[in-house]
Amino acid sequence: MRMTRDDIKTIADQTVELMNLRGLPGDNPDGHFKKAVIVCRGTGCTSSRSDKIQERFETLIADAGKQDEIEVVRTGCFGLCEAGPVVIVHPGGTFYSHIEVDDADKIFNEHLIGEEPVKSLIYPDALSEEAILAYSEVPFTLHQRRIALRNCGHIDPERIEEYIAHDGYRALDKVLFSMTPDEVIETVTAAGLRGLGGGGFPTGRKWMFTKQAEGATKYVVCNADEGDPGAFMDRSILEGDPHTVIEAMIIAGYAIGAHQGFIYIRAEYPIAVQRLEIAIEQAKEKGLLGDDILGSGFNFNLELRLGAGAFVCGEETALIASIEGHRGMPRNKPPFPANAGLWGKPTLINNVETYANIPVILLEGAESFRQVGTENSPGTKVFALGGKIKNIGLVEVPMGTTLRQVVYDIGGGIPNDKAFKAVQTGGPSGGCIGADKLDTPIDFDSLKAIGSMMGSGGMIVMDEDNCMVDVARFYMDFITDESCGKCTPCREGTKRMLELLEKICDGKGEKGDIAKLESLAMTAQLASLCALGQTAANPVLSTLATFRDEYEAHIEKKSCPAGVCTSLISFFITEACIGCTKCARNCPVNCISGKVKERHVIDRDACIKCGNCQEVCPVNAVIRK
Amino acid sequence: MAVTFNPKEHKEALQAFQGDLDRLKGGRGVLMQALHDAQTRFGYIPPYVQEMISETLDIPVSMIYGVITFYARFTLEPTGRCEIGVCLGTACYVKGSARLIEDIENALGIKPGQTTPDGNFTLTATRCVGACGLAPVVTTNQDVHGRLSRDDMRKLLSLLKDEYQAMTEKLEVEA
């Protein structure tokens with residue numbers, strides 16, 4: 001049924017009544033539900049069967065006839081993927097981690113019915129001697145500030161009513177009935193929001209350029225082609241709060257004078273695609289998409305377009321080509337999409353996370369938004385924290401937070417007592433940042449100054465066991481695969497850099513290779529057509545800047561200090577060997593000999609360096625050197 | 001593996017696909033949608049299907065071929081009954097997924113992008129599936145397996161081999 005302006009308030013009031021336990025400041029334990037079970041249904045947790053966990057809770061509660069007392073809510077990502085599947089019980093915010101389907105019975109019987117939290121299943125960091133910490137109180141959550149992710153983990157993304165109850169579509173109402181398009185753009189400009197897909201271009205200016213561009217037909221596009229390996233910020237927003245992006249796109253359409261929008265999303269994100277489809281359908285039904293939105297006379301329609309696995313399509317001109325149904329190859333700029341984009345018409349392209357900030361800015365004002373973050377980079381940034389770090393997951397921090405705070409205070413540091421080596425930001429276009437620069441504040445300009453970039457928000461931590469030459473090779477391999485082949489510096493330059501890196505990792509590096517790498521890197525940086533090629537050398541240049549000694553060790557000493565590059569290492573059994581014969585039995589080429597209870601020996605000529613022996617050794621007597 | 005597409009075996013799917021194409025006809029930039037549809041229905045996009053698209057949407061086959069070969073998700077050859085995808089995203093890579101891929105290569109005798117001769121398994125090196133919290137991650141068709149050690153992978157492979165072997169034998173008996 002189509003909504004009127006008054007319905008926004010009515011729906012919000014009615015729904016809020018039924019959302020009385022969601023782990024937010026406004027929670028009311030005396031409200032409709034007495035308890036709520038929140039089940040994370042993001043991709044990570046769903047992959048570990050949280051869908052079955054949700055079903056099990058629903059069955060148990062229905063069988064006990066308690067549907068009116070205990071609510072089961074499916075939400076988007078809480079953030080701490082490492083602890084998944086995650087279940088939270090309110091009131092109290094009890095944080096259960098690594099839950100299996102059978103654990104649902106235990107939590108139901110002991111906690112939901114018996115009022116006694118199941119200590120054995122609670123997230124270990126939330127347990128202290130005095131009390132059980134709520135999810136919002138554990139160190140991982142405590143240091144964050146959630147704006148783009150404000151609704152993730154609190155609302156059911158498949159119910160538009162819950163979004164409306166959380167101030168949803170109120171910004172749209174405000175914009176349509178009390179602001180001119182110019183006022184909207186002025187507010188976004190005053191807020192100082194910058195493109196969070198990685199570029200950092202001022203969002204308000206982009207909107208203004210598109211509005212000023214000549215032409216009756218204009219388009220609004222959302223770039224949800226999150227291709228950086230190890231990044232899942234946009235996916236989590238779309239899975240946890242799809243309506244926020246839809247609302248922002250309608251507002252953008254009103255501001256620039258467009259009536260049609262497209263969301264270009266990776267086909268590899270089935271859950272996000274499905275939730276967006278549901279959300280668009282619901283918005284249409286309520287008259288929030290289509291003709292005469294909320295009776296304002298403004299029309300806006302939205303369509304989904306699926307990507308098909310091409311990293312370069314994150315580049316805006318390539319993305320446009322792909323929506324048009326062509327090979328996703330970038331073209332020269334200018335003209336910029338703001339003047340000639342989709343089908344040659346003025347087109348506004350922003351990333352998912354950028355849009356997610358828009359409703360908040362328009363509802364609460366530019367001043368309030370500028371309270372968070374730094375002077376030149378206001379607001380927050382979402383990062384997908386991964387790799388060798390304790391608390392893998394999604395974090396949102398104010399701009400200006402240091403890398404050290406993210407890695408240690410929020411991320412919990414490096415597991416297994418290993419030493420920190422580097423943190424990689426910006427994916428294949430970014431760089432590796434060493435320990436000496438850990439106190440750099442995170443904002444667009446500071447990261448650029450140290451040879452990395454904000455990027456879309458992937459943040460991969462590496463420890464002493466990661467070889468930086470191998471990491472550079474890994475990214476170059478990715479880039480050669482994803483280079484579209486249109487311009488020579490990128491197509492040929494990345495290939496030649498990869499060959500050099502492979503040669504070095506293979507122990508065949510020669511003097512002069514580093515200089516060749518640097519020369520190729522500079523050429524690709526200066527002469528490539530699009531950002532993919534221009535930034536392709538960043539992983540090489542940044543590792544060379546900080547870890548030059550590792551490159552030199554590979555080339556001059558023919559050794560890999562981290563023990564990763566197989567051609568440069570050999571396995572060796574130390575005196576710690578107890579002669580259990582396990583390694584010999586597990587060796588695929590039978591190159592280990594030795595008597596029972598005596599030290600074993602590896603025949604290095606026959607060894608294929610598979611590493612099995614090191615993995616099975618019960619006393620860590622097998623080492624690489 | 002050379003496979004010929006026999007339209008007679010896919011009569012119903014082709015009819016349904018033609019229906020979808022007719023609906024897309026006249027829309028702008030619909031080629032990608034048509035190709036997604038074809039890939040899902042047939043598991044690959046054989047020349048026969050490319051020609052259907054060409055005729056209905058009035059796009060030259062050469063251009064369709066160009067688009068198919070540009071995107072990783074579209075394939076010109078059928079994939080195995082079970083597609084094993086090893087994530088080579090950064091989070092998985094630094095946690096040793098390259099080792100997993102080597103082990104699978106050795107166990108199945110195929111390289112990424114190839115299919116076993118019995119048509120059971122295709123090995124793919126996938127880009128980030130976004131389940132970085134579970135790294136290293138391996139997908140088998142729709143299922144996601146996380147936090148896999150090499151030993152877990154060995155066990156998973158032998159289970160899969162048995163499962164698909166049994167399935168193939170059953171199909172042969174029925175045939």
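Here goes a summary of the coordinates provided. (Residues numbered from 1 in each chain as written. Chains lettered and ligands numbered in written order. Predicted model: local features only at pLDDT ≥ 70, side-chain atom pairs only at ≥ 80, totals over all residues. Heavy atoms only, no water.)

1. Concerning the overall build of chain B
- Of the regular secondary structure elements, chain B holds 7 helices and 4 strands.
- Dimensions along the principal axes, computed over C-alpha positions, put chain B at roughly 50 × 45 × 25 Å.
- The proportion of buried residues among the 175 residues of chain B is 50%.
- Here the contacts in chain B between residues at least 6 apart in sequence split such that 63% fall between residues at least 24 apart.
- With 18 positive and 22 negative side-chain charges, chain B shows a separation of 6 Å between the mean positions of the two kinds. (Helix = DSSP H or I, 4+ residues; strand = E, 2+ residues; numbered from the N terminus. Buried < 20%, exposed > 50% of the residue type's maximum accessible area, 1.4 Å probe, protein only. Contact = heavy atoms within 4.5 Å. Lys, Arg positive; Asp, Glu negative; His and termini not counted. Charge placed at Lys NZ, Arg CZ, Asp CG, Glu CD.)

2. Comments concerning the side chain of Lys421(A)
Residues and elements named next belong to chain A.
- One can find lysine 421 in strand β11 (residues 420-425).
- Classification of lysine 421 as buried rests on a relative accessible area of 13%.
- At a separation of 2.7 Å, a polar atom in the side chain of lysine 421 contacts the main-chain carbonyl oxygen of asparagine 466.
- If we ignore the near neighbours within four places in the chain, the residues touching lysine 421 are Ile433, Gly434, Ala435, Met462, Asp463, Glu464, Asn466, Cys467, Met468, Phe547, Glu550 and Ala562. (Polar contact = N/O pair within 3.5 Å; in protein donor to acceptor, adjacent residues only side chain to side chain.)

3. Describing a nonpolar patch on the surface
- A grouping of Phe201(A), Met208(A) and Phe209(A) is seen on the molecular surface, where their side chains present a nonpolar patch of about 240 Å² in accessible area.
- Within the secondary structure, Met208(A) is located in helix α9 (residues 203-212). (Patch = residues over 30% accessible without salt bridge, like charges linked within 9 Å, V, L, I, M, F, W, Y side chains within 5 Å. Areas by Shrake-Rupley, 256 points an atom, 1.4 Å probe, with all protein chains shown as cover. Salt bridge = Lys/Arg side-chain N within 4 Å of Asp/Glu carboxyl O.)

4. What about the sheet that holds strand β2 (residues 70-75) of chain A?
Residue and element names in this part refer to chain A.
- Taken together, 4 strands build an open sheet; the order of strands is β2-β1-β3-β4 and the sheet is mixed. At either end of the open sheet lies a strand with only one pairing partner, and these are β2 and β4 (94-96). Put simply, the sheet's adjacent strands are angled 20 degrees from each other on average, direction ignored.
- As defined by bridge partners, strand β1 (residues 35-40) adjoins β2 across 6 bridges and the pair is classed as parallel. Across the sheet, residue isoleucine 38 finds its bridge partner in β2, namely valine 73. (Pairing = 2+ DSSP bridges. Axes fitted to C-alpha atoms, helices over the stretch in contact; angles between N-to-C directions.)

5. Focus: the sheet that holds strand β7 (residues 301-306) of chain A
Residue and element names in this part refer to chain A.
- Taken in spatial order, the 4 strands of this open sheet run β7-β6-β5-β8, and their pairing is parallel. Of all the strands in the sheet, the pair left with one neighbour each is β7 and β8 (347-351). Averaged over all pairs of adjacent strands, the angle between their axes in this sheet comes to 20 degrees, without regard to strand direction.
- As defined by bridge partners, strand β5 (residues 219-224) adjoins strand β6 (residues 260-265) across 6 bridges and the pair is classed as parallel. Bridge pairing links valine 220 to glycine 261 in β6.
- Contacting β5, β6, β7 and β8, helix α11 (residues 242-256) runs over the sheet at an angle of about 150 degrees to β5.
- Across the sheet, helix α13 (residues 316-323) is in contact with β5, β6, β7 and β8; its angle to β6 comes to roughly 105 degrees.

6. Observations regarding the nonpolar core
- Judged by nonpolar contacts, the single largest core of 172 residues is most densely connected at Phe57(A), Tyr169(A), Trp207(A) and Ile84(B).
- Top element by residues in this core is α11(A). It accounts for 10 residues.
- Once residues lying within four places of it in the same chain are set aside, the contact partners of Ile84(B) are Ile104(B), Leu108(B), Phe121(B), Thr122(B), Leu123(B), Thr124(B), Val138(B), Thr139(B), Thr140(B), Leu157(B) and Leu160(B).
- Residues Leu342(A), Leu24(B), Ile64(B) and Val67(B) belong to the second largest nonpolar core, which totals 48 residues. (Core = buried A, V, L, I, M, F, W, Y, C linked by side-chain atoms within 4.5 Å.)

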